[in-house]
Amino acid sequence: MTEHFFNNKLLDIVFESTYYGTVIVDINGKIQYMSNNYCEFLKIERELVIGKHVTNVIENTRMHLVVQTGKAEMADLHFLHNDFVIANRIPIIKNNEILGAIGIITFRDLADWKSMNSHINELLINYKFYQKEQEIPGGIKYSSHDLIGKSQEIQQLKDLVKRVAVGNISVLIRGESGTGKEIIAHSIHQFSGRMDKPFVKVNCGAIPEQLIESELFGYEAGAFTGAKKGGKIGKFELADGGTIFLDEIGDMPLHMQVKLLRVLQENEYEPVGSLYPKKINVRVIAATNRPLEKLIEQKLFREDLFYRINAVQLFVPALRDRREDIPLLVEHFLKKATAKIGKRITSVHPEVLSLIEQYDWPGNIRELENVINAGVHLSSNGEIRIDDLPHYLKNYKLEAEERSLKDIVEETEKKVIEKVLKKFNFDKNRAAAALGIGNSTIYDKIKKYQILIK
Ligand SMILES: Nc1ncnc2c1ncn2[C@@H]1O[C@H](COP(=O)(O)OP(=O)(O)OP(=O)(O)O)[C@@H](O)[C@H]1O
């Protein structure tokens, strides 16, 4: 970049009057200009940085890459000096030639930015999700970006998730097994102000009835024979400040339902063996695939608890009711499985896709994911073929083919009978004789195919 390309004094006047930190690099990634406020933020001497390669001055920078690609990177999250800044990196191009790049960071009012800008919010969510996944084995498993689907149903759900996430309202997620209720609960947590705090899942159906109270609320030291020495922290305490996800809430025993109601109403609970209640601040998201209204009628689920957890209800549709999402999901699970096992499977055979699109998926997305996973393992030629599918799906295909053959035969039979009936002015006996079938048979067929007799 030539000397006269810019005037440092003028740039100083312009950039120092904004909130932004500015850096300009030449085509070699060497710093030509850096605003005072940027240098102060990095705690470096301005005189020392000019002419240095940007990677030696700014940690995690991508400015040297932008001069190579010539592509602007806007609103990127940049981790700098133990904090996030928002970085815009724009190539400087004149007469189709890249001269350098200008980088602008915003490091003021980041808190406001976070709440205002959903794009940045999503980047943050992703960043924290990957960070947590690396840090905590078995930590947060999903990001909201994993909620795949272009159907209207899924788009509406995603929209609802973002809207209910703000605030502390209890949410009840309903839907068949494997439809994605847990992913939805995660997404609500991640879009909420509690995203930095724990998300704790409890499968109410999987904990033996006599253990559920201590699992949820913990116990004090010496609460009962066999209790751990120092007592035990319950799931509610683990989730303090965050979200507790009560999966299969319909399986919660009645005596626990009373206690849960108390937590929800009074924000306090008593660990087993404790004399004093403990205060708690937890958002509850519950999920069920059971008909809670019926359980209420049968006195197996408390009506007051139902109304308390049911402030907002989200319904996740079955996969067979949003088949247009299937190709996207297949692609997603294919990528996920191949990345995991390091095998190169790039496609599914059209015959497989068509079968997958027709099948009813009683186990919903979980079942589809398992089928794709197994297919990736079994496939040997870069593509998932019919042979790589589980037996029950292959049998389904055969049945479907048989069914369609039967359909074709019946359709043809109906057409022929209609034609002959017309020819003989709807005289059934003459039509039967012409077709070589008995009178009672033609009566049966007319009834079966609901043929109109004029
Ligand atoms: N929309 C989606 N996009 C991508 N993956 C999904 C989606 N929905 C569900 N999945 C995947 O399907 C599997 C089942 O989802 P999840 O555990 O959330 O279902 P669930 O409704 O909570 O099931 P259950 O009622 O049996 O607990 C998970 O592996 C999840 O990653």
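Residues numbered from 1 in each chain as written. Predicted model: local features only at pLDDT ≥ 70, side-chain atom pairs only at ≥ 80, totals over all residues.

**Things to note about the overall build of the protein chain**
A count of helices and strands for the protein chain gives 19 helices and 14 strands. Across the 454 residues of the protein chain, 29% fall into the buried class. Long-range pairs, those at least 24 residues apart, make up 62% of the contacts in the protein chain with a sequence separation of at least 6. (Helix = DSSP H or I, 4+ residues; strand = E, 2+ residues; numbered from the N terminus. Buried ≥ 20, exposed ≤ 12 C-beta atoms within 10 Å, placed from the backbone. Contact = placed C-beta atoms within 7 Å.)

**Section: the site of the ligand**
Around the ligand lies a shell of 18 residues, among which Ile-148, Ser-177, Gly-180, Lys-181 and Glu-182 are the nearest. When grouped by side-chain class, the residues that make up the shell around the ligand number 4 nonpolar, 8 polar and 6 charged. In terms of domain composition, the shell around the ligand takes at least three residues from each of domain 2 (144-315) and domain 3 (319-389). (Near = placed C-beta within 6 Å. Nonpolar A, V, L, I, M, F, W, Y, C, P; charged D, E, K, R; others polar. Domains from an automatic or database assignment.)

**Considerations on the sheet that holds strand β6 (residues 171-174)**
Strand order in this open sheet of 5 strands is β7-β8-β11-β6-β12, and the pairing throughout is parallel. Two strands bound the open sheet, and with one partner strand each, they are β7 (199-203) and β12 (312-315). The average angle at which neighbouring strand axes cross in this sheet is 20 degrees, direction not considered. Pairing between strand β8 (residues 243-247) and strand β11 (residues 283-288): 4 bridges, direction parallel. Bridged to Ile-244 within β11 is Val-284. (Pairing = 2+ DSSP bridges. Axes fitted to C-alpha atoms, helices over the stretch in contact; angles between N-to-C directions.)

**Details of the confidence of the model for the protein chain**
When pLDDT is averaged across the protein chain, the result is 84; 86% of the residues are at 70 or more. When pLDDT is averaged over each element of the protein chain, β6 comes out on top at 96 and helix α5 (residues 110-116) at the bottom at 50. Here residues 1-5 is modelled with pLDDT under 50, and outside its nearest four sequence neighbours on either side it reaches 4 contacts, counting other chains as well. In this model residues 133-144 is a low-confidence stretch, pLDDT under 50, and it forms 17 contacts with partners more than four residues away in sequence or in other chains. The complex model carries a pTM of 0.62, and its ipTM stands at 0.97. (pLDDT = per-residue confidence, 0-100.)

**Some thoughts on the nonpolar core**
The nonpolar side chains of a soluble globular protein tend to be buried, and buried together. Ile-173, Ile-184 and Ile-188 are the most contacted members of the largest nonpolar core, which totals 38 residues. Per-element accounting of this core gives the leading share, 5 residues, to helix α8 (residues 181-191). The next biggest cluster of nonpolar side chains, apart from the first, holds 22 residues, and it includes Ile-24, Tyr-33, Tyr-38 and Val-67. (Core = buried A, V, L, I, M, F, W, Y, C linked by C-beta atoms within 7 Å.)

**Examining the packing of helix α14 (residues 326-341) against helix α16 (residues 364-378)**
Two elements in contact, α14 and α16, have axes whose closest approach is 9 Å; the angle formed by their N-to-C orientations is 50 degrees. Overall, the two elements α14 and α16 adopt an arrangement that is oblique. In the crossing of α14 with α16, the sense of the turn from one axis to the other is right-handed. Between α14, through Leu-329, Val-330, Phe-333, Leu-334, Ala-337, Thr-338 and Ile-341, and α16, the contact on the second element is made entirely by Ile-365, Leu-368, Glu-369, Ile-372, Asn-373, Val-376 and His-377. (Parallel < 35°, antiparallel > 145°, perpendicular 65-115°, else oblique. Left-handed = near helix turned anticlockwise from the far one by under 90°.)

**What about the packing of α14 against helix α15 (residues 350-358)?**
Contact geometry for α14 and α15: axes closest at 10 Å, N-to-C directions at 120 degrees. For the element pair α14 / α15, the angle class is oblique. In this structure, α14 crosses over α15, and the sense of that crossing is right-handed. In contact with Ile-326, Pro-327 and Val-330 of α14, α15 contributes Leu-353, Ile-356 and Glu-357.

**Re the pairing of strand β1 (residues 20-26)**
Among the 7 residues of β1, 6 are classified as buried, and the element is accordingly described as predominantly covered. Where β1 meets strand β5 (residues 97-106), 7 bridges bridge the pair, whose relative direction is antiparallel. Bridge pairing links Val-23 to Gly-103 in β5. Where β1 meets strand β2 (residues 31-34), 3 bridges bridge the pair, whose relative direction is antiparallel. Among the inter-strand pairings, Val-25 is bridged to a residue of β2, identified as Ile-31. Here β1 hands over to β2 after 4 residues, with Gly-29 in that stretch at a positive phi of 80 degrees.

**Topic: α14**
Taking 1.5 Å per residue, 16 residues should reach 22 Å; α14 reaches 22 Å between its end C-alpha atoms and fits that length. Every buried residue belonging to α14 is among Ile-326, Val-330 and Phe-333, and all of these are buried. Down the axis, α14 shows its buried residues gathered within 75 degrees of arc, on one side only. Those residues of α14 that are buried are in contact with β13 (347-348), α15 and α16. Two residues or fewer after α14 comes Gly-342, characterised by a positive phi angle close to 70 degrees. (Expected span 1.5 Å × (residues − 1). Arc of directions from axis to C-beta.)

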